[in-house]
Amino acid sequence: MKTIGVAVFGAGYWGPNLIRNFHALPEANVVAVCDLDKTRLSHVQTLYPSIKTTTQSGDVFSDPTVHAVAIATPLATHFPLAKKALIADKHVLLEKPFTRTVREAEELIMLSEKKHLVLFAGHTYVYNTAIQKIKKVLSQKKLGKVYYYESMRANLGLIQHDANVIWDLAPHDFSILNYIFPTKPLAIRVLSSRFVHSRQEEVAHVFVRYENNLFAHMYLSWLSPLKIRMTMLAGSKKMLVFDQQNPVEQIRLYDKGVMVTKDKNNSLRSSYRYGDVIVPALDDTEALSTELRHFLSCIREKQKPLTGGKEGLEIVKLLEAADRSLKSGKEILLR
Ligand SMILES: NC(=O)c1ccc[n+]([C@@H]2O[C@H](COP(=O)([O-])OP(=O)(O)OC[C@H]3O[C@@H](n4cnc5c(N)ncnc54)[C@H](O)[C@@H]3O)[C@@H](O)[C@H]2O)c1
């Protein structure tokens, strides 16, 4: 297989990013784009006149020049489209959130294994150079003992109709956490509210507990006047801030901390450390391009993806547990 024939399902907000990145890769040939909305297809046609467009998924599944599909459609359609694609012998890249249920994810994994096809979860952050840097900093123990992971993902909109803010935004943090921390989470708790939408929560706080007192907290919101994409990790030696909105200094490593000691009268005293701030240089390759190159090389080299079906399933397990916490108001144990 010289170049891999690719089709993209969904040409809404995210699909065009997949089309653009696949189109730029010499190892891929974007054969077709399928969307139910003809206006989205005519937009694709204007940008890429050589790409076939269709509203009929069957046209893609029966096309022998399509070897792989990337699915960027609403959540409810992920499983049926991915299942049909695997049955039609196509490799599959499925956007986050992978599936609506654990059972659906397990069925796709079984099918892909039976057919020796690549099943790939679109966990783009794992391919982000800043996240890869954070993983390296943690594995080199530069932060010392890690106390917490704190993430803020807020903006106004895009309210989804078949997913709440947790299913929309938490997969980013869950996939980052599973990638950067070697240990699995112990428990999850959710606090959330609906304000505008009658069925979907638009604002949520998600708490994930780990061993050794480590915890992660995510503030997720579709109702914020500001666009915030910020992650902080605090440790005993250093603290790290990843600000995706800062185009120049995405990661800052602060030599800051506080120590509590006892004086001679046995009273507690705090001493603060204000050291240097280091801004590590990051390669500016687009994460999605790295992700798609990895997807294509997994197909060609028959490699196991860094974010395969099993990694997709792990995130769906956390999302289902978050749903149980949301409904019960209780912390949900994960083991
Ligand atoms: N990896 C990431 O960082 C990232 C970022 C944004 C969105 N996403 C994911 O991408 C997916 C799409 O999100 P979006 O924001 O582009 O949504 P969107 O609503 O903007 O676009 C979805 C498109 O899919 C089309 N569609 C619906 N059902 C279809 C079907 N059965 N066959 C073909 N086309 C169909 C719609 O007409 C629409 O154009 C979601 O799963 C979302 O979570 C991933």
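Refer to the structure presented above.
All values derive from a computational prediction rather than experimental measurement.

Student: What should I look at first to understand the packing of aromatic side chains in this one?
Tutor: Note on aromatic pairs: each is described by the distance of the centres and the angle between the planes. Under the definition given, this model contains eight aromatic pairs. Relative to Trp14, the ring of Tyr13 has its centre 6.1 Å away and its plane inclined at 45°; by these criteria the two rings are tilted. Since its relative accessible area comes to 60%, Tyr13 is described here as exposed. When its relative accessible area of 26% is taken as the criterion, Trp14 is described as partly exposed. Joined through ring pairs, the aromatic side chains of Phe22, Phe120, Tyr127 and Phe295 make up one cluster. For the cation-ring pair, Lys135 lies above Tyr179, with the distance from its terminal atom to the ring centre recorded as 4.8 Å. Over the ring of Tyr125 we find Arg153; its NZ or CZ atom is 4.6 Å from the centre of that ring.

Student: Sorry if this is basic, but what is going on with the sheet that holds strand β1 (residues 4-9) here?
Tutor: Two modes of strand pairing occur in sheets, parallel and antiparallel, and in both the strands are linked by backbone hydrogen bonds. One open sheet accounts for six strands, arranged β3-β2-β1-β4-β5-β6; its pairing is parallel. Across the chains shown, the open sheet's two edge strands, defined by having one partner strand only, are β3 (52-54) and β6 (119-122). Taking each pair of neighbouring strands and ignoring which way they run, the sheet shows an average axis angle of 20°. The sheet contact formed by strand β2 (residues 28-34) and β3 spans three bridges and is parallel. Looking at β3, one finds that Ala32 is bridged to Lys52. Packed on one face of the sheet, helix α4 (residues 78-87) meets β1, β4 (68-71) and β5 (91-95) and runs near 170° to β5.

What counts, and at which threshold
- Residues numbered from 1 in each chain as written.
- Predicted model: local features only at pLDDT ≥ 70, side-chain atom pairs only at ≥ 80, totals over all residues.
- Heavy atoms only, no water.
- Phe/Tyr/Trp six-rings, centres within 6.5 Å; stacked < 30°, edge-to-face > 60°.
- Buried < 20%, exposed > 50% of the residue type's maximum accessible area, 1.4 Å probe, protein only.
- Lys NZ or Arg CZ within 6 Å of the ring centre and 35° of its normal.
- Pairing = 2+ DSSP bridges.
- Helix = DSSP H or I, 4+ residues; strand = E, 2+ residues; numbered from the N terminus.
- Axes fitted to C-alpha atoms, helices over the stretch in contact; angles between N-to-C directions.
- Contact = heavy atoms within 4.5 Å.

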